Amino acid sequence: MKLFIKLIRNLLGLIIATADVLTRGTKLKRAPETQQQINTEVQDLTLYQFFACPFCIKTRRAMYKLNLPIEKRSASEGSPHREALLQGGGKIKVPCLRIEQDGKVEWMYESSQIIRYLENRFA
Ligand SMILES: N[C@@H](CCC(=O)N[C@@H](CS)C(=O)NCC(=O)O)C(=O)O
């Protein structure tokens, strides 16, 4: 039964992820030098996520629209990044944005908070 629910959840997630790719529209366009600067800045950010999680899809959609090439790491069972999320952030919950700034590391949970942070910093 557990496996069946997981299968249905992943199937729904796959449908949502496909719909997202088909409907997400265009990326924010910036001057090449500005985009280059942003590409450098986002190297200090990492998104821990599940491919089919609706909250992760919402966050990835915002990243796409803001044209932020942030590295994504799968935190699914069996992934080597799962332990890093648990150790660093304290829990397995996605999405989680790892922010490295001024020698400090912050683990930000909650899709709405992550999106707000990205919009405030990069929009
Ligand atoms: N309110 C949170 C909800 C996040 C959430 O429920 N994520 C689920 C996946 S969709 C999760 O990480 N569950 C833990 C697990 O599956 O181990 C948000 O908006 O980010």
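These figures come from a predicted structure and were not determined experimentally.

A word on the UniProt feature "domain: GST N-terminal" (unreviewed entry) in the protein chain. UniProt feature "domain: GST N-terminal" (unreviewed entry): in the numbering of this structure it lies at residues 43–123. The distance from the first to the last C-alpha atom of residues 43–123 is 17 Å, and the span holds 41% helix and 26% strand.

For the structure on display, the rule yields five salt bridges. Between arginine 61 and aspartate 20 there is a salt bridge, with its nearest N and O atoms 2.5 Å apart. A residue pair is termed long-range when its members are at least 10 positions apart, and arginine 61 in helix α3 (residues 54–65) and aspartate 20 in helix α1 (residues 2–23) qualify at 41 residues. Between glutamate 110 and lysine 93 there is a salt bridge, and its shortest N-O distance comes to 3.0 Å. Here the residue glutamate 110 occupies a position in the loop between β4 (104–109) and α5 (111–122), and lysine 93 occupies one in the loop between α4 (81–89) and β3 (96–101), the gap between them amounting to 17 residues.

Looking at the ligand, the residues that line it are Phe50, Cys53, Phe55, Ile92, Lys93, Val94, Pro95, Glu110 and Ser111. The contact in question runs from a nitrogen atom of the ligand to an N or O atom on the side chain of glutamate 110, over 2.8 Å. At 2.6 Å from an oxygen atom of the ligand is found a side-chain nitrogen or oxygen belonging to serine 111. Burial of the ligand by the protein amounts to 68% of the accessible area it has alone, namely 520 Å².

The next thing to look at is the state of the cysteines. Throughout the structure, instances matching the rule amount to zero disulfides. Cysteine 96 forms no disulfide, and the closest cysteine sulfur to it belongs to cysteine 56, at a distance of 10 Å.

Our focus in this paragraph is the pairing of β3. As paired elements, strand β1 (residues 45–49) and β3 share four bridges and run antiparallel to each other. For threonine 46, the partnering residue across the bridge sits in β3 and is arginine 98. Where β3 meets β4, six bridges bridge the pair, whose relative direction is antiparallel. The partner of isoleucine 99 across the bridge, within β4, is glutamate 106. Hairpin connection, β3 to β4: the antiparallel pair is bridged by two residues, and aspartate 102 has positive phi, about 50°.

About the thresholds
- Residues numbered from 1 in each chain as written.
- Predicted model: local features only at pLDDT ≥ 70, side-chain atom pairs only at ≥ 80, totals over all residues.
- Heavy atoms only, no water.
- UniProt positions renumbered as here; feature names shortened; annotations may be inferred.
- Helix = DSSP H or I, 4+ residues; strand = E, 2+ residues; numbered from the N terminus.
- Salt bridge = Lys/Arg side-chain N within 4 Å of Asp/Glu carboxyl O.
- Near = heavy atom within 4 Å.
- Polar contact = N/O pair within 3.5 Å; in protein donor to acceptor, adjacent residues only side chain to side chain.
- Areas by Shrake-Rupley, 256 points an atom, 1.4 Å probe, with all protein chains shown as cover.
- Disulfide = S-S within 2.5 Å.
- Pairing = 2+ DSSP bridges.

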